[in-house]
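# What the coordinates show
Here's the letter readout for the chains.
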Amino acid sequence: MDIDDILASVDHADVSSPESTALDHQLLTRFWVAERSVPELLPWPRRLMDRMMERVRQQIETIEDLAAASSDPSSSTNAPSTTNQTLTLSILQTDLSRTQYLLRSLLRSRLAKLTKHSMHYLILHSSSNPSQHQPPSTDPKMQQPEDSIPPLPAPSYTNPDTPLSDSEAEFLHAHQLLLARHFGSSFLSSFPPQLRRLDDNAGGTSMIQGPDKREVVFVRCLAEEVVVLAPGEGGEEDVVGGTMRMGDVWVVRWEGIRRAWERGDVEVL
């Protein structure tokens, strides 16, 4: 029996047909590679992750059922059947480990970016226009570091510009709140009240740093033709930096190829 046949024989028809399973695993692998390579947090693939987590749950249940059946003393008399169950169990566990590795590595990559640029992503999540974020109206003399943290939107709030999932937003808000309180008790409490905020932009210099979108990435062209853009300075129009042909592999700045990646015209290597 082929390994694919064994995996397909335990798939559930709702989300785990062999074709959709293979396609989703390929999409997850591509997204994992891209997330580890690009400098900024990519939009959370909600539907893909929901399907993958459902498959993981179902596969764990199947493995537990097979493990219980193989350990049943009443079934030990049938040697060929027991051998088949053991082989199937081993293959399913290997396949599950492969998927779990991708998911864990993906989440760790996203958490590293979130904690590195926490205020940037918090403001991006709380408002579709970060530049319009207004500090809370508190007494300047009573200003504390945690006052600069934007409130967490209600669960029903949806911002198309945020790359965070609901769980990531909750984690990031709690993480930054603890960090702000730690900074306040450690050293910021000795500063003048107007210097205690974590989002201060006095003098035209903002304390909030986002990811550097000018970092380079390796990409492969998947479309007939893809134009690489170089953002203009001072509000000027984007400048064409070159044209990729299908199959070409280039080293380009992420900001010049991000739109093409969103359209699926290129893949990050």
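What counts, and at which threshold
- Residues numbered from 1 in each chain as written.
- Predicted model: local features only at pLDDT ≥ 70, side-chain atom pairs only at ≥ 80, totals over all residues.
- Heavy atoms only, no water.
- Axes fitted to C-alpha atoms, helices over the stretch in contact; angles between N-to-C directions.
- Helix = DSSP H or I, 4+ residues; strand = E, 2+ residues; numbered from the N terminus.
- Parallel < 35°, antiparallel > 145°, perpendicular 65-115°, else oblique.
- Left-handed = near helix turned anticlockwise from the far one by under 90°.
- Contact = heavy atoms within 4.5 Å.
- Nonpolar A, V, L, I, M, F, W, Y, C, P; charged D, E, K, R; others polar.
- Pairing = 2+ DSSP bridges.
- Expected span 1.5 Å × (residues − 1).
- Buried < 20%, exposed > 50% of the residue type's maximum accessible area, 1.4 Å probe, protein only.
- Arc of directions from axis to C-beta.
- Core = buried A, V, L, I, M, F, W, Y, C linked by side-chain atoms within 4.5 Å.
- Salt bridge = Lys/Arg side-chain N within 4 Å of Asp/Glu carboxyl O.
- Patch = residues over 30% accessible without salt bridge, like charges linked within 9 Å, V, L, I, M, F, W, Y side chains within 5 Å.
- Areas by Shrake-Rupley, 256 points an atom, 1.4 Å probe, with all protein chains shown as cover.
- Phe/Tyr/Trp six-rings, centres within 6.5 Å; stacked < 30°, edge-to-face > 60°.

A few words now on the packing of helix α2 (residues 18–37) against helix α3 (residues 46–70). Between α2 and α3, whose axes approach to 11 Å, the crossing angle comes to 120°. Taken together, the axis directions place α2 and α3 in an arrangement best described as oblique. Classified by chirality, the crossing of α3 by α2 is left-handed. From α2, S20, T21, D24, L27 and L28 reach across to α3, where they touch L48, M49, R51, M52 and R55. Here the contact of α2 with α3 is composed, by residue class, of five nonpolar, two polar and three charged.

Strand order in the open sheet formed by three strands is β4-β1-β5, and the pairing between neighbours is antiparallel. Strands with a single pairing partner mark the edges of an open sheet, and in this sheet they are β4 (249–253) and β5 (266–268). Shown here is a sheet whose adjacent strand axes are inclined to one another by a mean of 40°, direction ignored. Strand contacts of helix α7 (residues 254–263): β1 (216–221), β4 and β5, with the helix running at about 115° to β4, the strand carrying the most contacts.

End to end, helix α6 (residues 166–186) covers 30 Å across 21 residues, agreeing with the expected 30 Å (1.5 Å per residue, within 8%). Along α6, the residues classified as buried are E168, A169, L172, H173, Q176, A180 and G184. For α6, the angular spread of the buried residues around the axis is 130°, confining them to a single face. Exposed side chains of α6 directed beyond 90 degrees from the buried face belong to S167, L178 and S185.

V219, V226, W254, I257 and W261 are the most contacted members of the largest nonpolar core, which has 32 residues in total. Listed by contribution, the elements that provide at least two residues to this core are α2, α3, α4 (79–116), β1, β2 (225–230), α7 and β5. Excluding its chain neighbours within four sequence positions, the residues that come into contact with W261 are F31, A34, L42, P43, W254, V266 and V268. By size, the runner-up hydrophobic cluster in this structure holds 14 residues, among which are M119, Y121, L124 and L164.

As a further point, take the pattern of salt bridges. As enumerated under the stated definition, the model contains 17 salt bridges in all. In this structure, R110 and E35 form a salt bridge, with 2.8 Å as the shortest nitrogen-oxygen distance. Residue R110 is found in helix α4, and its partner E35 is found in helix α2; the two are separated by 75 residues along the sequence. The exposure class assigned to R110 is buried, which follows from its relative accessible area of 0%. Residues D95 and R98 are paired through a salt bridge, measuring 2.6 Å at the closest nitrogen-oxygen approach. Placement of both D95 and R98 in helix α4 is noted, with a separation of three residues, approximately one turn of the helix. Connected through shared salt-bridge partners, E35, R110, K113 and E168 make up one network.

Now for the environment of S37. Mapping S37 onto the fold places it in helix α2. The class of S37 is partly exposed, set by a relative accessible area of 28%. The spatial distance from the C-alpha of S37 to the C-alpha of V216 is 9.0 Å, given a sequence separation of 179 residues. For S37, the contacting residues outside a window of four places in its chain are V217, V268 and L269.

Okay, a nonpolar patch on the surface next. Together, V216, F218, V249, V251 and L269 line one region of the surface with nonpolar side chains, adding up to about 440 Å² of accessible area. Of all elements in the fold, only β1 and β4 reach the threshold of two or more residues within the nonpolar patch. Look at F218 and you get partly exposed, because its relative accessible area is 48%.

If you walk through the whole model with that rule in mind, you get four aromatic pairs. Aromatic pair F183 and F187: ring centres 5.6 Å apart, planes at 45°, arrangement tilted. Its relative accessible area of 25% is what places F183 among the partly exposed residues. Accessibility expressed as a relative area gives 38% for F187, which makes it partly exposed. Each residue in the set F183, F187 and F191 is aromatic and connected to the rest through ring pairs, giving one cluster.

From the geometry alone we can't say anything about function, so treat these as descriptive.
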